[in-house]
Amino acid sequence: MPTVSFRVDGVDHTLDVDVRTTVLDLLRERLGNTAPKKGCDHGQCGSCTVLLDGRRHLTCLALAVSYDGAEVVTAAGLGEGHADGLHPVADAFLRNDAFQCGYCTPGQVCSAVGMLDELREGHPSHVTEDLDAEVDPDDDELRERMSGNLCRCGAYVGILAAVRECVASGGEA
Amino acid sequence: MRPFDYLRPDDVATAVRAVADDPDARFLAGGTNLVDHLKLGVARPGLLVDVRGLPLHDVEVADVGGGTVLRVGANVRNSDLAAHPVVRREFPAVARALVSAASAQIRHQATTGGNLLQRTRCVYFQDVSTPCNKREPGSGCSAVEGFARYNAVLGASPECVTVHPSDLAVALAAVDASVVTDGPAGERRLPVAELHRLPGDAPEKDTVLEHGELITAVELPASPVAQRSTYYKARDRASYAFALASVAAGLELDGDVVRDVRIVWGGVAHKPWRALRAEEALRGERFSEEAVLAAADAELEQAETSPGTAFKVPMVRGATALVLGRLAGGGR
Ligand SMILES: Cc1cc2nc3c(=O)[nH]c(=O)nc-3n(C[C@H](O)[C@H](O)[C@H](O)COP(=O)(O)OP(=O)(O)OC[C@H]3O[C@@H](n4cnc5c(N)ncnc54)[C@H](O)[C@@H]3O)c2cc1C
Ligand code: SF4
Ligand code: FES
Ligand code: FES
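Now for a look at the structure at hand. (Residues numbered from 1 in each chain as written. Chains lettered and ligands numbered in written order. Predicted model: local features only at pLDDT ≥ 70, side-chain atom pairs only at ≥ 80, totals over all residues. Heavy atoms only, no water.)

Ranked by internal contacts, the top residues of the largest apolar core, which has 51 residues, are Phe91, Val94, Leu116, Leu172, Val179 and Leu220 of chain B. Counting only elements with at least two residues in this core, the list comes to α1 (12-20), β3 (47-50), β5 (67-73), α3 (78-83), α4 (85-90), α5 (92-99), α8 (167-174) and β8 (214-221) of chain B. When residues of this core are assigned to their parent elements, the largest contribution, seven residues, is made by α8 of chain B. Sequence-distant contacts of Phe91 of chain B, defined by excluding residues within four places in its chain, comprise Leu70, Val86, Val175, Leu220, Pro221, Ala222, Ala226 and Ser229 of chain B. Counting 33 residues, the second-largest nonpolar core is a separate cluster that includes Leu26, Leu27 and Cys60 of chain A together with Val35 of chain B. (Core = buried A, V, L, I, M, F, W, Y, C linked by side-chain atoms within 4.5 Å. Buried < 20%, exposed > 50% of the residue type's maximum accessible area, 1.4 Å probe, protein only. Helix = DSSP H or I, 4+ residues; strand = E, 2+ residues; numbered from the N terminus. Contact = heavy atoms within 4.5 Å.)

Okay, here's the thing in structure tokens:
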């Protein structure tokens, strides 16, 4: 069995894995980190989203052997170093009722954190009118940029409000 | 999922040899398509050769024969390519096609080479319990009389009626991009428009590449039609969905006369469909919406539809007028 190393929420792990193991299964089944959720297991829902080497990624379509050496931050590790262990984005989700069952929430929160970085770096999106101008993060932009995370409870109104608040406060609060 | 051996070479020659020598081997890039296929049983390779350790991560501007070419390594991620300043300025159709595809997460993971070689989203291809000539040659095509919404209207065969799902490939064809490959027979360059093939009687072959042939780069030559280009995608929901039909187009006007034009359609054929008849009808003509619609009609005379796909003809016709009208008005 191949040996892989991952740094997960600040802790280093080295372990032998079956070559077929996805990063999602490694996190949940081998390391007991159940923050990332298995929704569809086919890249279609976003509930398995983490930050991998600083960017939002789906873990269900990533083989552990192929992402060996990566640094992963899950929703469980995002709060590290923040007051009450709560990342400002997670806090905004709480205050804006941005969930109902909560199943999609860890993925939504990681995705929103990654999205705020992309906005700061000036990445264009599908709805960006002028590819050369600075992005105006209006509601259309935020909806488009969060469209890779589905919410079966339909908490989108709250999610949008939370994300809007994070953008307004400069992404870090 | 069938167990497989895994290799991660750091030089191109080793990677090419590893796949070329083993009929059961496949390249692996970001994995967003292939890992799904491993799970579904659509792909059952005995060996995966990971290309992400190969030094194919750069985007560079090169001078080739007096012209400027943007050379994009096969491992450049879809998100990075879309955000690249030269792509946004000189090849807007490419940036727009990239950001219209999949989700931000997937675009961070997906590579340029993998995107071009992603396989069809035909529901029967992805369901191993149903006949599909592309997955299992000779087993039949379930889509001919089945779910048709994503089927082709141009260039299909009785053996396979599916379309190629990549948005990027459509835009690259419209800016005259080439793919650079390295294979058992050495290096070669071919236009992106000639990479994918029509299904004919061998739908199991998506492209003209040989087994073990690795895409190392894509080259985009700067040109007036590329600089004034854009991409439009019609789909069933506003985001995170494949194209029902799409248009990548570039336009160079001399006053109000069309000096040069590119029109490539996605979602309608087994490959990006370069609308050569439409382009020919427009070149040298005074630009007008009527002229564009007549040109699209000239191309669409070859269309063959079923009740499930008939909607695509007016859709791609209207989208073509919309896109070229936008370009003529200075938009991109
Ligand atoms: C939910 C979902 C929605 C999506 N929506 C869209 C969409 O709207 N539009 C769109 O265009 N795409 C869409 N995609 C597809 C996505 O763009 C592709 O999966 C991705 O681009 C593939 O790139 P990859 O690097 O992950 O390739 P992989 O999955 O690693 O590989 C794909 C194929 O390419 C081969 N390959 C990879 N690199 C090379 C190389 N350098 N040389 C030779 N062969 C190679 C592999 O052997 C494999 O056959 C979607 C995917 C998902 C899961
Ligand atoms: S259309 Fe092509 S991919 Fe779909 S079932 Fe028929 S042969 Fe298979
Ligand atoms: S579980 Fe990964 S996208 Fe749904
Ligand atoms: S809160 Fe239930 S799925 Fe989003």
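Looking now at the pattern of salt bridges. Residues and elements named next belong to chain B. This model, assessed by the stated rule, comprises 38 salt bridges over all chains. A salt bridge links Asp176 to Arg262, with the nearest nitrogen and oxygen atoms 2.9 Å apart. Of this pair, Asp176 sits in the loop between α8 and β6 (178-183) while Arg262 sits in strand β11 (residues 257-266); the two residues are 86 residues apart in sequence, bridging distant segments of the chain. By relative accessible area, Asp176 is classed as partly exposed at 29%. According to the relative accessible area criterion, Arg262 is buried, its value standing at 10%. For Glu279, the salt bridge identified is with Arg283, shortest N-O distance 3.1 Å. Overall, the relative accessible area of 27% leaves Arg283 in the partly exposed class. Linked through salt bridges whose partners overlap, the residues forming this network are Asp176, Asp260, Arg262, Arg274, Glu279, Glu280 and Arg283. (Salt bridge = Lys/Arg side-chain N within 4 Å of Asp/Glu carboxyl O.)

Residue and element names in this part refer to chain B. Most of α8 is tucked away: eight of the eight residues are buried. Of all the positions in α8, only Asp167, Leu168, Ala169, Val170, Ala171, Leu172, Ala173 and Ala174 are classed as buried. Buried-residue contacts for α8 involve α5, α7 (112-116), β8, β9 (229-234), β10 (245-254) and β11. One side-chain oxygen of the residue at the start of α8 lies 3.2 Å from the amide nitrogen of Leu168, identifying that residue as Ser166. Positive phi appears at Asp176, one or two residues downstream of α8, with a value of about 60°. (Polar contact = N/O pair within 3.5 Å; in protein donor to acceptor, adjacent residues only side chain to side chain.)

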